[in-house]
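Close look at the chain arrangement
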Amino acid sequence: MKKKLLAGITAAAITVASLGFTVAHAKGGHDFMEKRLQHLTEELNLSKEQQEQLHASMENGKKAMYDSREQRQEIRKELMKLDPNAADYQTRLNSLVLKAQEQAKTMVIQKAEQKQALFSVLTEQQKQELSELQEKWQSKMEKRFADGDHPKRGKGCH
C-alpha cells in the first residue's frame, strides 16, 4: 500500500511540476524568449551574430518544449482518470510513473542542451559574466522564497 501511495504521489508531483513549467512558458511564449534575449544582450553585450545564434537556439528549444507539452498534458489526464478501485490500478499507475519520469528526464536534458547552446555562443569573458549573473539570480530567488515574500512559497507557505 505504501508503494502505491508513494508511486501515486511521485507521479502527481512530477506532473504538477511539469504543468507549472508549461503554464509559465505558455504565459510568456514568444515575448518571454525575446525578453530573455534582450536581457542577455544588455547584460553580456552580445554581438548581432551572437544574438542571431541564440535566437535560433531559443526557437529550437521552444519547439522542443511545445512538443513535450502535449505529452505532459496526456499524463495529467490519464492520472486524473485513474480509478483506485480498478483491478489494473497499480499497473496503470506504474505505467504513468514511468511516463512521468521519462518526461522529467527529457525536460532536464532539454534544459541542459539549451544551456550548452548558450555557452557555446559566448566568449570566455561572457561565460564568466553569465555564471556570476546566474549565481546572483539564484541567490536572489532563494532569498525571496526563503523569506516568505512569495505567498505560496517559503516560510509563508503553511
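Quick look at the structure, then. What you see as residue numbers is a count from 1 along each chain, following the sequence as written. Reporting in this predicted model follows two pLDDT cut-offs: at least 70 for local features of residues, and 80 or more for side-chain atom pairs to be given and counted; totals over whole chains, interfaces and linings ignore these cut-offs and use all residues. Excluding hydrogens and water, the side-chain values take into account all heavy atoms of the structure.

Observations concerning a positive patch on the surface
A cluster of like positive charges, contributed by Arg 76, Lys 77, Lys 81 and Arg 92, occupies part of the molecular surface. Secondary structure elements follow DSSP: runs of H or I no shorter than four residues count as helices, runs of E no shorter than two count as strands, and numbering proceeds from the N terminus. Broken down by element, the residue count for the positive patch peaks at 3 residues, all from helix 2 (residues 48-81). Residue placement: Lys 77 occurs in helix 2. The residues that make up patches have over 30% relative accessible area and no salt bridge, and they are joined within 9 Å when like-charged or within 5 Å when they are Val, Leu, Ile, Met, Phe, Trp or Tyr. Exposure was quantified through the Shrake-Rupley algorithm and a 1.4 Å probe, taking into account, for residues, occlusion by the shown protein chains and nothing else. Between Lys or Arg on one side and Asp or Glu on the other, a salt bridge is scored when a side-chain nitrogen of the former is within 4 Å of a carboxyl oxygen of the latter. Charged residues are defined here as Lys and Arg on the positive side and Asp and Glu on the negative side; His and the ends of the chain fall outside this count. All charge positions are set by atom: Lys at NZ, Arg at CZ, Asp at CG, Glu at CD.

Things to note about the nonpolar core
Note on terminology: a nonpolar core comprises buried Ala, Val, Leu, Ile, Met, Phe, Trp, Tyr and Cys residues joined through side-chain atoms within 4.5 Å. Each residue gets one of three labels from its accessible area relative to the maximum for its type: buried under 20%, exposed over 50%, partly exposed in between, using a 1.4 Å probe on protein chains only. Within the largest apolar cluster, 13 residues are counted, with the highest numbers of intra-cluster contacts made by Leu 40, Leu 44, Leu 46, Leu 54, Leu 118, Leu 122 and Leu 130. Contributions of two or more residues to this core are made by helix 1 (2-44), helix 2, helix 3 (89-121) and helix 4 (124-146). Per-element tally for this core: the top contributor is helix 1, with 4 residues. Those residues in contact with Leu 118, other than ones at most four positions away along the chain, are Arg 36, Leu 40, Leu 54 and Leu 130. Grouped together as the second largest cluster of nonpolar side chains are 8 residues, Leu 82, Tyr 89, Leu 93 and Leu 96 included. It only takes one pair of heavy atoms within 4.5 Å for two residues to be counted as in contact.

Quick notes on the side chain of Gln 50
Structurally, Gln 50 is set in helix 2. Under the rule applied, a polar contact is a pair of N or O atoms within 3.5 Å (in protein, one hydrogen donor and one hydrogen acceptor; residues adjacent in sequence only if both atoms are side-chain atoms). Separated by 3.0 Å, the side chain of Gln 50 and the backbone oxygen of Val 121 make a polar contact. If we ignore the near neighbours within four places in the chain, the residues touching Gln 50 are Asn 45, Val 121, Leu 122, Thr 123 and Gln 126.

Regarding the environment of Lys 62
Within the element layout of this structure, Lys 62 appears in helix 2. For Lys 62, a relative accessible area of 14% puts it in the buried group. Separated by 29 residues in the primary sequence, Lys 62 and Met 33 place their C-alpha atoms 8.4 Å from one another.

Points about the pattern of salt bridges
Tallied over the full model, the rule gives 2 salt bridges. Across the pair Glu 78 and Lys 99 runs a salt bridge whose closest N-O atoms are separated by 3.3 Å. Taken together, the residues span a long stretch of sequence, with Glu 78 in helix 2 and Lys 99 in helix 3 at a distance of 21 residues. Take Glu 78: its relative accessible area is 22%, and that puts it in the partly exposed class. Residue Lys 127 pairs with Glu 124 through a salt bridge whose shortest N-O separation is 3.3 Å. Here the residue Lys 127 and the residue Glu 124 both occupy positions in helix 4, the gap between them amounting to 3 residues, near one helical turn.

So yeah, pure geometry; function would need other evidence.
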